[in-house]
Amino acid sequence: MSKQKTAVITGGGQGIGKGLAKRLAKDGFALVLSDMNEEVLNATVQEFKDQNINIASYVGDVSKPEDQKALVQTAVEHFGSVDVFINNAGIEQVAPIDNIEPEALELLFQINVFGTVYGIQAAAEQMKKQETGGKIINACSIAGHQAMSMLAGYSATKFAVRAFTQAAAQEYAKDKITVNAYCPGIVGTGMWDRIDAGMVDYMGLEKGEAFKKFAEDIALGRTQEPEDVANFVSYLASSDSDYMTGQSIMIDGGIVFN
């Protein structure tokens, strides 16, 4: 019998990360989830344990390289390998460029960009040791393909994620490690609740109005669920995507076309 593969997911306690975990568990992976919110993470882990899913967790900050290395080590200690590593954790910031504060901009890059880089480094180091290859999957966004007003800082971080995805794919190809990214659109999660609230503050909109306005442009006529993203990430995590690397693919229901 072949050994069960292990998927590590940052920001896995809630939102899209939890949706990814549900799908990969269904696909047969053992899971290692990390999150900064210990209470939320513990609740999610218990939910999976109640379903007899092999799972471990690590409370960590992706912007700290030592935490990313410890997360990988947690996976190795519990399940023996890291086969898929998903840099899902991220934060948003809504502000006109004139109002972007240094501290907020630094935090945005520390989590979304530095955290992704440190995750790539930690995962690749372990995957090279295993000599079996692996899959690194990064969270990008439609904002990483087309910058958006009021989301300039966030958009910039996601453009950076695309760059690191492409470069890492080239550097690690010889080690049979593929690196790709998923680019969601308008997902009904806590992040979009906060984006909507930010638009209310800066644009004088009513609560929910910004979310509705963005959603009107979706060709398929509905906002997406975490499961929509998870279905695509399932492909990226599977052997079906073995010949795909360096790509940042939009899964947005039809908003950005390029």
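Here, the structure is the one placed above.
Residues numbered from 1 in each chain as written. Predicted model: local features only at pLDDT ≥ 70, side-chain atom pairs only at ≥ 80, totals over all residues. Heavy atoms only, no water.

Observations regarding unusual backbone geometry
Heads up, the condition is: The helix count covers DSSP runs of H or I at least four residues long, the strand count covers runs of E at least two residues long, and both are numbered beginning at the N terminus. In this scheme, a residue with accessible area under 20% of its type's maximum is buried, one over 50% is exposed, and one in between is partly exposed, where area comes from a 1.4 Å probe on protein chains only.
Phi at Glu131 takes a positive value of approximately 60°, unusual for a residue other than glycine. Inspection of the secondary structure assignment puts Glu131 in the loop between helix H4 (102–130) and strand E5 (134–139). Glu131 gets classed as exposed once you look at its relative accessible area, which sits at 71%. Positioned with a positive phi, Met150 is a non-glycine residue whose angle comes to about 75°. Along the chain, Met150 turns up in the loop between E5 and helix H5 (152–172).

A closer look at the environment of Tyr235
The criterion, for reference: Throughout, a residue-residue contact means that at least one pair of heavy atoms, one from each residue, lies within 4.5 Å.
Summarising the element assignment, Tyr235 is placed in helix H8 (residues 226–237). Along the chain, Tyr235 and Leu24 lie 211 residues apart, while their C-alpha atoms are 9.9 Å from each other. Apart from residues lying up to four places away in sequence, Tyr235 is in contact with Asp240, Ser241 and Met244.

What to know about the sheet that holds strand E3 (residues 55–59)
The following threshold applies: One bridge is not enough; two strands pair if DSSP finds at least two bridges between them. All axes are obtained by fitting lines to C-alpha atoms, using only the stretch in contact for helices, and the reported angles, taken between N-to-C directions, cover 0 to 180 degrees.
With respect to topology, seven strands assemble into an open sheet ordered E3-E2-E1-E4-E5-E6-E7, the strand pairing being parallel. With partners counted over all chains shown, the strands left at the sheet margins are E3 and strand E7 (248–251), one partner each. Averaged over all pairs of adjacent strands, the angle between strand axes in this sheet comes to 20°, irrespective of strand direction. In this structure, strand E6 (residues 177–184) lies alongside E7, joined through four bridges in parallel fashion. From the neighbouring strand, Ala181 faces E7, where its bridge partner is Ser248.

A few points about the pattern of salt bridges
The cut-off we apply is this: By convention in these notes, a salt bridge is any Lys or Arg side-chain nitrogen within 4 Å of a carboxyl oxygen on Asp or Glu.
Following the criterion strictly, the structure yields five salt bridges and no others. Residue Lys135 pairs with Asp242 through a salt bridge whose shortest N-O separation is 2.8 Å. Of this pair, Lys135 sits in strand E5 while Asp242 sits in the loop between H8 and E7; the two residues are 107 residues apart in sequence, bridging distant segments of the chain.

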